[in-house]
Amino acid sequence: MATIVGGVGSTHVPAIGKAIAEKKHNDPYWKPFFKGFDYVHYWLARTRPDVAVVFYNDHGLNFFLDKLPTFAVGAANEYRSEDEGWGIPVSRPIPGDATLSWHLINALVADEFDVTMCQEMLIDHAVTIPMALMWPGPVWPIKIVPVEINTVQHPLPSLERCLKFGRSIGRALESYEQDLRVVVIGTGGLSHQLDGARAGFINKEFDLLCLDKIVAEPEALTRYSIHDWVKETGSQGVEFLNWMAMRGALTGRVSELNRNYHIPISNTAAATVVYENQKEVARKAA
Ligand code: DHB
Ligand code: FE
């Protein structure tokens, strides 16, 4: 059976791609951010996942405002990226696991999440930047299942819906017959707003509250509406929906192994976390 080893939360700011290409890891601006991935590398070397389920939002590379699914699941054996106009190197393709994708899609639809299924899917910086941060070597030692959540065009799914969506994927993973080790990843956030009158807005106090609550009581965050969330975190802070889905997919006992919170990376409050997922020990009947 598949095992969900844990979850990782990561920002996906495109400027990181340029910093990686220019080897700026020890530059004073970047060092406190990149250092936050030392633990991630240690943990990945220890847990050795085979597959990553990546919850992310597409920013207009694969889907645009004319057709934008609320939830879409990739079902390909390879995912390519393309130039998005950020002036960063285009990522090499990332291998997929189409068999696992179809298992998840079947389980989601049976569970009343009527997802868009994508046998071809371009992945943007919201997948490639966290991947490059987590696995900085010259080859990807992992396959992915990219799972898109609409955080771009309103109406967006609620925090509660995304938590439940993640839980459905978590249950589906645990019922998968192959002995795979799976890491779930949520990308984007935390607070940021890229345009409009509040461009540059960051809310550290609220971000820290979210990072505290998401570990043991993610339900506490579901009382915020999407409009509350925009008010508290900026118009792109809604990328936290990807984190809610990642947390939902951790269906075991969850503990925070590592947290790095750094302001700013570009216009964004960047958070990097590692959550361990321990299977609930089945209780013996009395
Ligand atoms: C930035 C943040 C994002 O989430 C994104 O998708 C693009 C840019 C930024 O802070 O520059
Ligand atoms: Fe983004």
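Structure: see above.
Overview of the structure. (Residues numbered from 1 in each chain as written. Chains lettered and ligands numbered in written order. Predicted model: local features only at pLDDT ≥ 70, side-chain atom pairs only at ≥ 80, totals over all residues. Heavy atoms only, no water.)

### Regarding helix α3 (residues 38–47)
Burial in α3 covers these residues: V40, W43, L44 and T47. Taken around the axis of α3, the buried residues stretch over an arc of 100 degrees, which confines them to a single face. On its buried face, α3 is in contact with β1 (3–10), α5 (125–134), β8 (181–187), β9 (253–265) and β10 (268–278). Just past α3, the residue R48 takes up positive phi, approximately 45 degrees. (Buried < 20%, exposed > 50% of the residue type's maximum accessible area, 1.4 Å probe, protein only. Helix = DSSP H or I, 4+ residues; strand = E, 2+ residues; numbered from the N terminus. Arc of directions from axis to C-beta. Contact = heavy atoms within 4.5 Å.)

### Here we look at the environment of W243
Relative to the helices and strands, W243 resides in helix α9 (residues 240–249). Judged by relative accessible area, W243 falls into the buried class, the value being 0%. In this structure W243 touches G9, S10, G186, T187, G188, L190, L211, I214, A271, V273 and Y275, once residues within four positions along its chain are discounted.

### What to know about the pattern of salt bridges
Enumeration according to the criterion identifies 11 salt bridges in this entry. The residue D111 makes a salt bridge to R171 at a minimum N-O spacing of 2.7 Å. A residue pair is termed long-range when its members are at least 10 positions apart, and D111 in the loop between α4 (98–110) and β6 (116–118) and R171 in helix α6 (residues 159–174) qualify at 60 residues. According to the relative accessible area criterion, D111 is partly exposed, its value standing at 31%. Owing to a relative accessible area of 45%, R171 belongs among the partly exposed residues under this scheme. A single network of salt bridges, built from pairs that share partners, joins K18, E22 and K24. (Salt bridge = Lys/Arg side-chain N within 4 Å of Asp/Glu carboxyl O.)

### Section: the side chain of T151
Looking at the secondary structure, you find T151 in the loop between β7 (143–149) and α6. The exposure class assigned to T151 is buried, which follows from its relative accessible area of 8%. Of the polar contacts made by the side chain of T151, one reaches the side chain of N57; its length is 3.1 Å. Among residues more than four places away in sequence, those in contact with T151 are N57, L156, V238, E239, L241 and N242. (Polar contact = N/O pair within 3.5 Å; in protein donor to acceptor, adjacent residues only side chain to side chain.)

### Focus on the pairing of strand β3 (residues 71–74)
Along β3, one buried face is formed by F71 and V73 and the opposite face, lined by A72 and G74, is buried too. Note: β3 against β7, three bridges, orientation antiparallel. The residue of β7 that forms the bridge with A72 is E148. Across three bridges, β3 lies against β6 in parallel orientation. Residue pairing in the sheet places G74 in a bridge with C118 of β6. (Pairing = 2+ DSSP bridges.)

### Observations regarding the sheet that holds β9
Read from one edge of the open sheet, eight strands run β6-β3-β7-β2-β8-β1-β10-β9, paired in mixed fashion. Only two strands of the sheet have a single neighbouring strand rather than two, namely β6 and β9. Going from strand to strand, the sheet's axes swing by 15 degrees on average, the running direction of each strand aside. Bridging between β9 and β10 involves 10 bridges; their strand directions are antiparallel. Across the sheet, residue R259 finds its bridge partner in β10, namely V273. Lying over the sheet, α6 contacts β1, β2 (51–56), β3, β7 and β8, oriented at roughly 165 degrees with respect to β2. (Axes fitted to C-alpha atoms, helices over the stretch in contact; angles between N-to-C directions.)

### Observations concerning helix α8 (residues 226–233)
If you check which residues of α8 are buried, you get I226, W229, V230 and T233. Buried residues in α8, looked at end-on, bunch into an arc of 100 degrees, giving them a common side. Facing away from the buried side of α8 by over 90 degrees, the exposed positions are H227 and K231. On its buried face, α8 is in contact with α6, α7 (204–216) and α9. G234 sits one or two positions beyond α8 and adopts a positive phi of about 90 degrees.

### Things to note about the packing of α7 against α9
Where α7 contacts α9, the axes come no closer than 10 Å and their chain directions differ by 25 degrees. Looking at the two axes, α7 sits roughly parallel to α9. Relative to α9, the crossing made by α7 is right-handed. Contacts between α7 and α9 involve C210, L211, I214 and V215 on the former and, on the latter, F240, W243, M244 and R247. Tallied by class, the residues present in the contact of α7 with α9 amount to seven nonpolar, no polar and one charged. (Parallel < 35°, antiparallel > 145°, perpendicular 65-115°, else oblique. Left-handed = near helix turned anticlockwise from the far one by under 90°. Nonpolar A, V, L, I, M, F, W, Y, C, P; charged D, E, K, R; others polar.)

### Here's the deal with the nonpolar core
Within the largest apolar cluster, 55 residues are counted, with the highest numbers of intra-cluster contacts made by V53, F55, F165, F240 and W243. Ignoring sequence-local partners within four residues, the contact set of F165 consists of F55, F71, L108, F113, V115, V147, I149 and A245. Membership of the second largest hydrophobic core comes to 39 residues, among which are I16, Y79, M121 and V183. (Core = buried A, V, L, I, M, F, W, Y, C linked by side-chain atoms within 4.5 Å.)

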